[in-house]
Amino acid sequence: MTPRTTLALDGSSIDGSAYKDVTHLAAHAPGWVDHVVSAWSTYGLAVFAVLMLVAWWRARRKSATAAVAALAVPVVVVVAYALNDVVKMLVREDRPCQRLRVATLEACPAPGDWSFPSNHAAIAAAAAVALLYVTRRLGAVAIAGAIAMGASRVWVGVHYPHDVAAGLLTGAVVGALLMAGVRRWPHPLARRLAATRLRPLLVA
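Residues numbered from 1 in each chain as written. Predicted model: local features only at pLDDT ≥ 70, side-chain atom pairs only at ≥ 80, totals over all residues. Heavy atoms only, no water.

1. Digging into the nonpolar core
Okay, step 1: Membership of the largest hydrophobic core comes to 29 residues, with the highest contact counts inside it found for Val73, Leu131, Val134 and Met179.
Okay, step 2: Looking at this core, the elements that each hand over two or more residues are helix H2 (31-59), helix H3 (64-91), helix H5 (119-132), helix H6 (136-155) and helix H7 (161-184).
Okay, step 3: Not counting residues up to four positions away in its chain, the partners in contact with Val134 are Ala55, Ala59, Ala69, Ala70, Val73 and Met179.
Okay, step 4: Counting 7 residues, the second-largest nonpolar core is a separate cluster that includes Tyr19, Ala121, Val154 and Val164. (Core = buried A, V, L, I, M, F, W, Y, C linked by side-chain atoms within 4.5 Å. Buried < 20%, exposed > 50% of the residue type's maximum accessible area, 1.4 Å probe, protein only. Helix = DSSP H or I, 4+ residues; strand = E, 2+ residues; numbered from the N terminus. Contact = heavy atoms within 4.5 Å.)

What follows is the structure, given as structure tokens:
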């Protein structure tokens, strides 16, 4: 049988030692720290959904074009996730907890659930950058949350640092490019959506 080829043959050779250092810290950290980080790693993406909802609720009270930008945020997130997942399927990097003998806070994903790049990081970064185009205040909160999300995925043991860095970069780039397009043509987009059943989403 021909051996499987990958772009990232062994992520542990990139920053496996840094990954081990982080998981070692997690193993010796106070229990409450691990609980907080694990909770954020598992449920933190729901906070980004709430931020997107709040941004839209506020934007529709300002103008139809502001509402269009807010409605674009979840679309940006879906696109970023899809592109990131394509890269995952191409690279097919094993999870670090499958390659390295370390104790992890989170159960190691099954083989075939690839590691590079991190979907959680990509989603969080895409949402954060896109939100910056809608509201700087919520966007700043989301940026901090995205960085924390990336760090938490290494802390609980399911990603290498480079997985997280690549996911954050992917999400940020996709978010910036797509939202720049939305900002460039806000009025045509608003007019088109206003002519559909989505009109109630544009105005309070």
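Here the narrative resumes.
2. Focus on the state of the cysteines
Okay, step 1: Taken as a whole, this structure holds 1 disulfide when the rule is applied.
Okay, step 2: Each sulfur of the disulfide joining Cys97 and Cys108 lies 2.2 Å from the other. Across the S-S bond linking Cys97 and Cys108, the dihedral sits near 80°, which makes this disulfide right-handed. Of this pair, Cys97 sits in helix H4 (residues 96-99) while Cys108 sits in the loop between H4 and H5, and the two are 11 residues apart along the sequence.
Okay, step 3: What makes Cys97 buried here is its relative accessible area of 14%. (Disulfide = S-S within 2.5 Å.)

3. Some words on the side chain of Ser115
Okay, step 1: When you line up the elements, Ser115 lands in the loop between H4 and H5.
Okay, step 2: Under the relative-accessibility criterion, Ser115 is labelled buried at 0%.
Okay, step 3: Setting aside residues no more than four positions away along its own chain, Ser115 makes contact with Lys88, Glu93, Asp94, Arg95, Pro96, Val158, His159, Tyr160 and Asp163.

These figures come from the coordinates and say nothing about function on their own.
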